[in-house]
Amino acid sequence: MRHFLKETDLTAAETARVFESSARMKSSRGSESPALARQSWGLLFFKKSTRTRVSFQVGVHELAGLPVMLNADDMQISRGETVADTARVLSRYLHGMVIRCHEHALLEEFAASGTMPVVNALSDFLHPCQFLTDMFTLAERLSPGRPDRYAESLKGRKVAFLGDTACNMANSFVLGGAALGVEVALAGPAGYEPGAGIRAQLKKDGLAGTFAFSTDPAEAVRGADMVYTDVWVSMGMEAERAERLRIMQPYQVNARLMSAAKPSAWFMHCLPAHPGEEVTAEVLQGPRSIVFDQAENRLHVQKAVLAHLASAR
Ligand code: CP
Ligand code: NVA
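All figures in this text were calculated on a predicted structure; none of them were measured in a lab.

Q: Hey, could you run me through the overall build of the chain in this one?
A: Helices and strands together make up the secondary structure of the chain, namely 13 helices and 9 strands. Based on the C-alpha atoms only, the size of the chain along its principal axes is roughly 55 × 45 × 35 Å. Burial statistics for the chain: of 313 residues in total, 57% are counted as buried. Carbon together with sulfur atoms contributes 52% to the accessible area of the chain, which is approximately 13000 Å² in total.

Here it is, written out as C-alpha cells:
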C-alpha cells in the first residue's frame, strides 16, 4: 500500500517515472490505459478548491474510475464521527482517497486507519500534487520533448520562492526541492522562515540544510531559473490578512524583481492569484508566466500519480 502525502513518499526514481508517465498521459489524452477501471475513488474536501477538485474528478474519470465527490460538511465527520472510523468505513467501499484538509495529521491518521491509498490534495503543511506538477511544468521547458530527461534537467536549477515563506507551498518547495536536487531560495518577512515541522521532516528524510532563507527578495531571485509566489493569505489565515498584506509588500513579484532573475526565468504561481498583491497583473499575464500550463498539468501529473499508486497496491 502506497500513499502520496508528501513529496518524499515517491523516491527520486519513482518521481522520474511519474514525470515520464505524466508526459504520456498528456500526449495520449483520450486513449490512455484505463488504470482505475472498476475502481471508485473518494475526493474529500474540507476546504475550497477549483483546480484540484475538477482535475482529480476529471482525472479519475479519464482513467476509467468513478470519482465520488465528498464535501466534509455533508458528512458525519463534521458532526464528530472519528477520522479513523470514517477511513475504515470508506475503505469498505472505495479503492483510494484524495483529501484536502487543514491539519496534516488528519491525512496520516486516515492513511493509517484505512486500507486504501491516500493522496494529499493540500494540507496546511504541504501541497505535494502542486509541487510535483510545478516541477513537471518547469522540466517541460528545460528539456522539451525529452520526458526521460525531465528529472535530470531540474538538478542544480535555482527556484526563488517569494512572500509567505512559511506556507504549505513554501514547505513543499523546501522538502521537494531538496529531494530533487533543486536549489530553493526563499525570501519573506522575518518570522516567516520555514518552521520546525518542515525542518523535522527534512531531517527525517536525511535532507537537512538544502534551502536558503533571506529577507532580501533581490538576493533570492538572483540567477533564478524560476520565480514562484503564492497568495499572502492562505486558507485559514484570513484573520491575519491586514498584517500579512503590510509586511509581505516588499516581496511582491513585479517586473523590476523579475528582471533580477535570469533573463530566461519563468514565473509560476499555483493559483488562485490576487493580482496587485503577491504579483502584479503585468507579470501574471506577461510572456514569462506559465501559470495556466501549471494548472493544466495538474490533470496529467495527478493521473500519473493515481495510476502509480493503483499499480503499487
Ligand atoms: N492550486 C490549487 O490547488 O488550486 P485550488 O485551490 O483551486 O484547488
Ligand atoms: N497556500 C494556499 C494554496 C492554495 C492552492 C492555501 O493554502 O490557501
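Following the structure, the description resumes.
Q: Before we go on, may I ask you to explain the environment of Ala166 in this structure?
A: Residue placement: Ala166 occurs in the loop between β5 (158-162) and α7 (168-180). Residues Ala166 and Gly206, spaced 40 residues apart in sequence, show a C-alpha to C-alpha distance of 21 Å. Residues within four places of Ala166 in sequence aside, it is in contact with Asn171, Tyr192 and Glu193.

Q: What should I look at first to understand the site of ligand 2 in this one?
A: Lining the immediate surroundings of ligand 2 are Leu122, Asn168, Asp230, Val231, Ser234, Met235 and Leu271. In the environment of ligand 2, a nitrogen atom lies 2.7 Å from a nitrogen or oxygen atom belonging to the side chain of Asn168. Between ligand 2 and Ser234, the relevant distance is 2.7 Å, taken from a nitrogen atom to a side-chain nitrogen or oxygen of the residue. Calculation on ligand 2 without its partners gives an accessible area of 270 Å², and the protein chains cover 94% of this total. Here the shell around ligand 2 is composed, by residue class, of 4 nonpolar, 2 polar and 1 charged.

Q: How do you make sense of the sheet that holds strand β2 (residues 66-71) when you look at a structure like this?
A: Hydrogen bonding along the main chain pairs the strands of a sheet, whether they run parallel or antiparallel. Reading across the sheet, the 4 strands line up as β2-β1-β3-β4 and stay open at both edges, with parallel pairing between neighbours. The open sheet has two edge strands, β2 and β4 (118-120), and neither has a second partner. Here the strands of the sheet are splayed against their neighbours by 20° on average, with no regard to which way each runs. Pairing of strand β3 (residues 96-100) with β4, which is carried by 3 bridges, proceeds in the parallel orientation. If you follow Ile99 over to β4, its bridge partner there is Asn120.

Q: Would you mind showing me how to read the pattern of salt bridges here?
A: Where charged atoms from two side chains of opposite charge come close, those side chains can pair. One pass over the full model with this rule turns up 17 salt bridges. Between Lys303 and Glu32 there is a salt bridge, and its shortest N-O distance comes to 2.4 Å. Here Lys303, found in helix α13 (residues 291-311), pairs with Glu32, found in the loop between α1 (12-27) and β1 (40-45); they are 271 residues apart in sequence, far enough to count as distant. Exposure remark for Lys303: the relative accessible area of 0% places this residue in the buried category. Relative accessible area serves as the criterion here: at 12%, Glu32 is assigned to the buried category. Residue Glu243 pairs with Arg246 through a salt bridge whose shortest N-O separation is 3.0 Å. One end of the pair is Glu243 and the other is Arg246, both in helix α10 (residues 241-248) and 3 residues apart, which spans about a single turn. Ionic contacts of the salt-bridge type, sharing partners, join the residues Arg29, Glu32, Glu62 and Lys303 into one network.

Q: How should the nonpolar core be read in this particular structure?
A: In globular proteins that are soluble, nonpolar side chains generally tend to be buried together. If you look at the biggest cluster of nonpolar residues, it comprises 58 residues, and the most contacted ones within it are Val119, Met135, Phe173, Met226 and Leu306. Here Phe173 is in contact with Phe131, Asp134, Met135, Val159, Phe161, Ala178, Val184, Met226 and Tyr228, once residues within four sequence places are set aside.

Q: I'm lost on the site of ligand 1 in this one. Help?
A: As a structural note, the neighbourhood of ligand 1 is formed by Ser49, Thr50, Arg51, Thr52, Arg100, His127, Gln130, Cys270, Leu271 and Arg298. In the environment of ligand 1, an oxygen atom lies 2.7 Å from a nitrogen or oxygen atom belonging to the backbone of Thr50. Calculation on ligand 1 without its partners gives an accessible area of 260 Å², and the protein chains cover 95% of this total. Here the shell around ligand 1 is composed, by residue class, of 2 nonpolar, 5 polar and 3 charged.

Q: Where do I start with the sheet that holds strand β7 (residues 211-214) in this structure?
A: Taken together, the 5 strands give an open sheet; going across it, the order is β7-β6-β5-β8-β9, and neighbouring strands pair in parallel fashion. Both edges of this open sheet fall to β7 and β9 (266-269), since each of them pairs with a single strand only. Neighbouring strand axes in the sheet, compared pairwise and without regard to direction, differ in orientation by 20° on average.

Thresholds applied
- Residues numbered from 1 in each chain as written.
- Chains lettered and ligands numbered in written order.
- Predicted model: local features only at pLDDT ≥ 70, side-chain atom pairs only at ≥ 80, totals over all residues.
- Heavy atoms only, no water.
- Helix = DSSP H or I, 4+ residues; strand = E, 2+ residues; numbered from the N terminus.
- Buried < 20%, exposed > 50% of the residue type's maximum accessible area, 1.4 Å probe, protein only.
- Areas by Shrake-Rupley, 256 points an atom, 1.4 Å probe, with all protein chains shown as cover.
- Contact = heavy atoms within 4.5 Å.
- Near = heavy atom within 4 Å.
- Polar contact = N/O pair within 3.5 Å; in protein donor to acceptor, adjacent residues only side chain to side chain.
- Nonpolar A, V, L, I, M, F, W, Y, C, P; charged D, E, K, R; others polar.
- Pairing = 2+ DSSP bridges.
- Axes fitted to C-alpha atoms, helices over the stretch in contact; angles between N-to-C directions.
- Salt bridge = Lys/Arg side-chain N within 4 Å of Asp/Glu carboxyl O.
- Core = buried A, V, L, I, M, F, W, Y, C linked by side-chain atoms within 4.5 Å.

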